[in-house]
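# Tertiary structure, described
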Amino acid sequence: MTSSGIHPSLTLWRAPGTGVVARIAEVLGARGVHAARAVVLVPYAQLMNVAREMWALDGQAGFVPRFETTRNWARSAGGFLPTGYDLAFDMARDLVMAQSLLSQAGLGAERLALAGRVVELALQLAPLAAAELPKERDAWARRATRAAEAGYESQWLDTERALVRIAIVWTATSSYATDVLLTEAVRSQVDALVVLDGFQADPLTRKLAALWGEHALHLPLVATQGPPGTAAIHEAADPEDEADQAAACVLRHLAEGRAPVALVATDRALTRRISAQLAAQGVAPHDETGWKLSTTRAAATLMSALRACAHDASSDQVLDWLKGSDAEAVAVQFLEARLRRDGQRDWLTFCAHVARSERPQDAALQSFCEAVEGRRALLMKARPLEEWLPALRKLLQADGRWDALSADLAGANVLSALWLDDDAAEIAGGRHTLAEFSAWVRDVLEAASFVPPTGGQAPRVVVLPLHQLLGRVFGSVVIPGCDDRRLPASPEPPGNWSTAQRAELGLPSRLSLETAQRAAWATALRNPFCELLWRRADATGEPVRPSPLVQALQLDGALAVGTDPRVAREVPLRPTQRPLPSGALLPLQSVSATVYEDLRRCPYRFFALRQLALRSADELDAEVDKRDFGNWLHAVLGHFHEALQAAPSGDPEARFDLMADAARAATRAFGLSQAEFLPFAAAWPAVRDGYLAWLAGHEADGMAFEEAEPWKEQALGALRLVGRLDRIDRTPEGQAFVIDYKTESAATTRERIKEPTEDTQLAFYAALVADDTVRAAYVNVGEKSSGTQTFEQTEVVDARDALVAGLIDDFTRIAEGAALPALGEGMVCEHCAARGLCRKDFWEMSA
């Protein structure tokens with residue numbers, strides 16, 4: 001506040017004799033200009049209503065001058081539709097025009113990659129070209145070309161020089177909506193032009209003032225003097241803490257009656273997080289900056305459809321697309337369960353697998369996959385851009401998303417930006433593949449913004465850029481992100497123009513941007529209450545320093561340390577008890593080695609994962625890891641031994657060929673591409689040679705292969721023991737020799753057999769074999785110098801008998817209602833899927 005208790009912006013507008021309103025009225029009166037024939041240009045659109053309100057409070061009775069921006073004035077002066085190669089400021093159309101211009105310039109092969117750069121350059125140069133009279137733009141283009149090419153003499157910059165030339169010619173030959181303001185007809189209708197200068201000079205506004213000559217007047221909106229308000233600084237630990245404090249600052253100002261609150265957007269991600277926290281408290285901010293259409297849910301829905309229609313789409317991408325349709329929810333859930341059960345990452349491979357299935361239960365799945373493929377086929381082939389738009393519209397209508405997008409505010413903006421709405425004309429463009437069309441869609445959505453409506457009520461919180469504080473009345477200002485990355489004292493100028501080129505072309509220089517930034521900062525600090533926030537570290541933990549603007553205030557002693565606006569609450573300690581469920585009502589009919597292993601390791605894990613059958617969904621598109629290598633190796637050895645059993649041979653070359661065939665068969669079965677198989681290929685030769693050497697010695701001891709991966713079941717009272725063994729051999733005496741492959745370290749395998757009664761797996765597999773006497777061993781298939789090794793459990797029969805007795809006793813007690821406590825001990829907890837259910841981390845802390 002000023003000493004008189006009036007907001008600085010009100011003083012700027014309404015100060016008697018010196019305020020903007022009084023000076024405009026004085027000038028119009030002195031020159032005898034009727035208010036209806038005067039235009040007052042404001043720096044940005046939101047100031048039009050502010051200026052009208054101020055004039056209504058302090059202005060002269062009668063007519064009101066026209067408060068306009070150049071764009072709004074041009075719109076009311078005459079309609080404009082871009083034609084031909086005009087720069088339309090519509091990314092959908094401008095990208096196509098840029099591609100055409102590149103083709104004409106001999107860069108047709110690179111047009112798709114370079115079109116975005118040409119549009120970027122054209123948008124930077126357009127304000128300069130639009131400020132020239134249409135008849136003088138050719139001369140401007142020659143001057144601009146000479147100035148721009150001065151920095152591109154090297155032959156290595158030939159492409160960049162060509163792009164700059166195309167952009168200059170494009171902007172110079174374009175017509176603009178604001179061209180109507182440069183005509184004599186408009187000047188004859190306006191007797192006085194008042195320009196309210198903001199932080200930066202606008203080329204078009206300067207040109208209009210020059211055309212009006214002595215009938216134009218400049219009035220500054222930027223106050224150069226005035227006492228600062230109350231500024232306080234808050235230091236946050238990280239982005240989350242910064243968002244918490246910023247939201248709390250806004251809520252405190254609202255509670256204390258300092259509305260409306262200006263929330264300055266310095267970081268879009270941070271602002272979205274603050275807005276979400278305010279919305280959770282019932283405060284809906286009005287965002288004047290908007291957000292990119294590409295970040296809306298509607299855009300994500302559309303992009304998921306394009307990704308799913310690619311020929312090499314993954315199962316995850318197809319699922320992501322299909323899940324957006326409520327009408328197919330049941331079928332999609334069944335499809336997802338099947339994909340995750342089979343581990344099918346490639347969609348086409350899965351479709352081929354289902355198509356070959358003869359199981360009756362797969363008939364419905366076959367029909368659904370065929371229907372999905374029919375829809376995907378709509379976007380498979382390359383076509384001209386004007387044919388892509390109706391094809392995409394047809395796909396959205398076919399999968400039921402069109403109506404939902406049309407009814408959604410952001411969705412309607414997406415459809416309009418892409419010219420997909422029914423009223424939009426088609427865009428003529430060159431031939432595009434799906435990948436090229438998807439890139440075009442992505443660029444269009446990335447360039448467009450969505451600003452939600454206010455709802456008809458005056459907003460209590462307004463999200464806006466720093467420079468839009470100019471001339472507006474806010475009860476308080478909150479500026480998060482006051483660090484050296486998000487609030488630099490000297491912003492980086494857009495584009496990669498040199499300093500000399502900027503000076504020649506008339507583009508904003510670093511110095512002018514710094515001056516504007518410091519002026520906007522000073523304006524913010526003149527508000528009655530201004531709170532600044534910065535974080536000590538980013539989300540990655542990298543240290544962050546305060547903005548130089550903040551550091552200057554700290555050195556001058558002009559900042560108070562703000563108190564934490566968050567209200568502390570005392571939360572009573574409520575320790576979480578260890579769970580003690582009973583599984584008596586959830587009996588199991590079948591028990592495998594892994595099921596019983598879960599019971600022995602942690603009864604609660606057994607209860608959650610086996611009796612309740614809770615499972616986490618595996619990722620379909622996960623990277624290939626060591627576990628996958630183990631599964632692949634099991635399949636290879638299974639194929640190899642079955643082939644060797646069918647055609648016995650002791651010839652090393654023949655066995656090598658059989659192993660190679662088995663590796664190819666397993667790779668096909670797992671659906672691995674050459675790139676995915678690369679980690680296996682690096683380790684495979686050493687593993688293969690070590691295994692074949694071990695096998696020769698194993699057979700020399702009289703061992704004979706009998707079967708690979710047999711499924712075994714064994715009745716045990718009311719229970720049925722089940723499992724799939726890796727392999728069964730026969731000893732020279734005819735005994736069964738159970739083998740389980742391991743790809744872990746030899747030390748880990750050796751540790752397994754140290755205590756016979758502690759190892760569940762071999763004892764359980766021995767129980768699945770009907771023989772009274774049996775041998776069992778782990779075969780460690782390694783790639784190191786030790787090669788493949790056998791680790792036999794010599795006491796497996798005793799361990800089997802003890803395991804069977806313990807198993808019967810355990811399941812009897814479970815049936816009688818014995819508790820299944822969470823043990824929370826050992827390494828088993830480190831990767832347990834049930835850890836979030838047992839709440840181990842919480843009852844450990846309260847213990």
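Sequence order as written defines residue numbering, which begins from 1 separately in each chain. Given that the model is predicted, a residue must reach a pLDDT of at least 70 before its local features are reported, and side-chain atom pairs must reach 80 or more before they are shown or counted; all residues, however, enter totals for whole chains, interfaces and linings. Note that the side-chain values use all heavy atoms of the structure and ignore hydrogens as well as water.

## So, the overall build of the protein chain
Each helix and strand in the protein chain was counted, giving 34 helices and 23 strands. Note that the radius of gyration is over C-alpha atoms, with the globule rule given as 2.2 Å times the number of residues to the power 0.38. By the compact-globule yardstick of 29 Å for 847 residues, the protein chain is too spread out, its C-alpha radius of gyration being 37 Å. We call a residue buried when its accessible area falls under 20% of the maximum for its residue type, exposed when it is over 50%, and partly exposed in between, using a 1.4 Å probe and counting protein chains only. Among the 847 residues that make up the protein chain, the fraction classed as buried is 47%. Sequence-distant contacts, at least 24 apart, represent 74% of the contacts inside the protein chain between residues at least 6 apart. All accessible-area figures derive from a Shrake-Rupley calculation using a 1.4 Å probe, and residue coverage is judged against the displayed protein chains alone. Counting only carbon and sulfur atoms, one obtains 53% of the accessible surface of the protein chain, whose full area is about 41,600 Å². In this description a helix means any DSSP run of H or I spanning at least four residues, a strand means any run of E spanning at least two, and both kinds are numbered starting from the N terminus. Residues count as neighbours in contact if any of their non-hydrogen atoms are within 4.5 Å of one another.

## Focus on the packing of aromatic side chains
What counts as a ring pair is set by centres within 6.5 Å for rings of Phe, Tyr and Trp (its six-membered ring), and what kind of pair is set by the plane angle: stacked under 30 degrees, edge-to-face over 60, tilted for all other angles. On inspection of all chains with the given rule, the structure shows 14 aromatic pairs. Measuring from centroid to centroid gives 5.8 Å for Trp73 and Trp212, while their planes differ by 50 degrees, and the two rings are tilted. You can see Trp73 sitting in helix α4 (residues 70-77) and its partner Trp212 sitting in helix α10 (residues 203-212), a full 139 residues away along the chain. In terms of burial, Trp73 and Trp212 fall into one category: buried. With a centroid separation of 5.3 Å and an interplanar angle of 35 degrees, the aromatic rings of Tyr691 and Trp694 are classed as tilted. Taken together, the residues Tyr691 and Trp694, both in helix α29 (residues 674-700) and three residues apart, mark about one turn of the helix. A single burial state applies to Tyr691 and to Trp694, both of which are buried. One aromatic cluster in this structure is built from Trp388, Phe437 and Trp440. A positively charged side chain is recorded as over a ring if its NZ (Lys) or CZ (Arg) lies within 6 Å of the ring centre. The angle to the ring normal must also be within 35 degrees. A cation over a ring is seen here: Arg258 above Phe529, with NZ or CZ 4.1 Å from the ring centre.

## Digging into unusual backbone geometry
With omega at 0 degrees, the peptide bond leading from Ala259 into Pro260 counts as cis. Mapped onto the fold, Pro260 is located in the loop between α11 (239-255) and β6 (261-264). Here Trp419, not a glycine, exhibits a phi torsion of approximately 60 degrees, which is positive. When you line up the elements, Trp419 lands in the loop between α20 (409-417) and β10 (431-432).

## What about helix α32 (residues 796-815)?
The span you would expect from a helix comes to 1.5 Å times its residue count less one. Given a rise of 1.5 Å per residue, 20 residues ought to cover 28 Å, and the 28 Å separating the end C-alpha atoms of α32 matches this to within 8%. Trailing α32 by a residue or two, Gly817 shows a phi angle of about 100 degrees, which is positive.

## Observations regarding the packing of helix α5 (residues 91-104) against helix α8 (residues 158-173)
Put simply, α5 and α8 touch, their axes get as near as 11 Å, and they point 120 degrees apart. The pairing of α5 with α8 is recorded here as oblique in orientation. With respect to the hand of their crossing, α5 and α8 are arranged in right-handed fashion. Seen from α5, the contacting residues are Asp94, Met97, Ala98, Leu101 and Leu102; seen from α8, they are Leu163, Ile166 and Trp170. Residues are grouped as follows: Ala, Val, Leu, Ile, Met, Phe, Trp, Tyr, Cys and Pro are nonpolar; Asp, Glu, Lys and Arg are charged; all remaining types, including Gly, are polar. Here the contact of α5 with α8 is composed, by residue class, of seven nonpolar, no polar and one charged. Helix axes are fitted to C-alpha atoms over the stretch in contact, other axes to C-alpha atoms as well, and angles between N-to-C directions run from 0 to 180 degrees. An angle below 35 degrees is read as roughly parallel, one above 145 as roughly antiparallel, one from 65 to 115 as roughly perpendicular, and any other as oblique. With the far helix as reference, a near helix turned anticlockwise by less than a right angle produces a left-handed crossing, and one turned clockwise produces a right-handed crossing.

## A look at the sheet that holds strand β21 (residues 736-742)
Strand order in the open sheet formed by five strands is β17-β20-β21-β22-β23, with mixed pairing between adjacent strands. Only two strands of the sheet have a single neighbouring strand rather than two, namely β17 (704-708) and β23 (789-792). Across this sheet, the average inter-strand angle for adjacent strands is 30 degrees, counted without regard to direction. One bridge is not enough; two strands pair if DSSP finds at least two bridges between them. Bridge count between β21 and strand β22 (residues 774-780): seven bridges; the pairing is parallel.

## As for a nonpolar patch on the surface
Residues Leu585, Leu586, Leu612, Leu614 and Leu837 make up a contiguous nonpolar surface patch of about 470 Å² in total accessible area. For Leu586, the position within the fold is in the loop between β15 (560-561) and β16 (590-591). Take Leu586: its relative accessible area is 31%, and that puts it in the partly exposed class. To count toward a patch, a residue needs a relative accessible area above 30% and no salt bridge. Like charges then connect within 9 Å, nonpolar side chains (Val, Leu, Ile, Met, Phe, Trp, Tyr) within 5 Å. The rule for a salt bridge is simple: a side-chain nitrogen of Lys or Arg has to be within 4 Å of a carboxyl oxygen of Asp or Glu.

## Thoughts on the sheet that holds strand β1 (residues 38-41)
Pairing is parallel across the open sheet formed by four strands, whose spatial order is β2-β1-β3-β4. A strand with exactly one partner marks an edge of an open sheet, and here the two such strands are β2 (66-68) and β4 (216-220). Across this sheet, the average inter-strand angle for adjacent strands is 20 degrees, counted without regard to direction. Relative to strand β3 (residues 192-197), β1 runs parallel, the two being bridged by four bridges. Following the sheet pairing, Val39 is matched in β3 by Leu193. Against the sheet, α4 makes contact with β1, β2 and β3, and its axis sits at roughly 120 degrees relative to β2, the strand it touches most.

## Focus on the side chain of Asp362
Relative to the helices and strands, Asp362 is located in the loop between α16 (347-356) and α17 (363-376). Think of a polar contact as two N or O atoms within 3.5 Å of one another; within protein, one of them needs to be a possible hydrogen donor and the other a possible acceptor, and neighboring residues in sequence only count if both atoms come from side chains. In terms of polar contacts, Asp362 uses its side chain to reach the side chain of Arg338, at 2.7 Å. Every residue in contact with Asp362, bar those within four places of it in the chain, is listed here: Arg338, Val354 and Ser357.

## Section: the pattern of salt bridges
Tallied over the entire structure, the rule returns 52 salt bridges. Among the ionic pairs, Arg252 bridges to Glu531, the shortest N-O distance being 3.0 Å. Here Arg252, found in helix α11, pairs with Glu531, found in strand β14 (residues 529-535); they are 279 residues apart in sequence, far enough to count as distant. Under the relative-accessibility criterion, Glu531 is labelled buried at 5%. In this structure, Arg720 and Glu713 form a salt bridge, with 3.3 Å as the shortest nitrogen-oxygen distance. Here Arg720 falls in the partly exposed class, since its relative accessible area comes to 34%.

## A short note on the packing of helix α18 (residues 385-398) against helix α21 (residues 434-447)
When two helices pack together, their arrangement is given by the angle between the helix axes and by the axis-to-axis distance. Here α18 crosses α21 at 80 degrees, and the two axes come no closer than 11 Å. The orientation of α18 with respect to α21, classified from their angle, is roughly perpendicular. Contacts between α18 and α21 pair Leu385, Trp388, Leu389 and Leu392 from the former with Leu434, Phe437 and Trp440 from the latter. Looking at side-chain class alone, the contact of α18 with α21 contains seven nonpolar, no polar and no charged residues.

## Describing helix α6 (residues 111-130)
Because an α-helix packs 3.6 residues into every turn, residues spaced three or four apart end up facing the same way. One axis is fitted to the seven residues ending at the residue and one to the seven starting there. The bend at that residue is the angle between these axes. Residue Gln124 marks the point of greatest curvature in α6, where the axis turns by about 35 degrees; the proline Pro127 follows within four residues. Of all 20 residues in α6, 14 are buried; the element is thus mostly enclosed.

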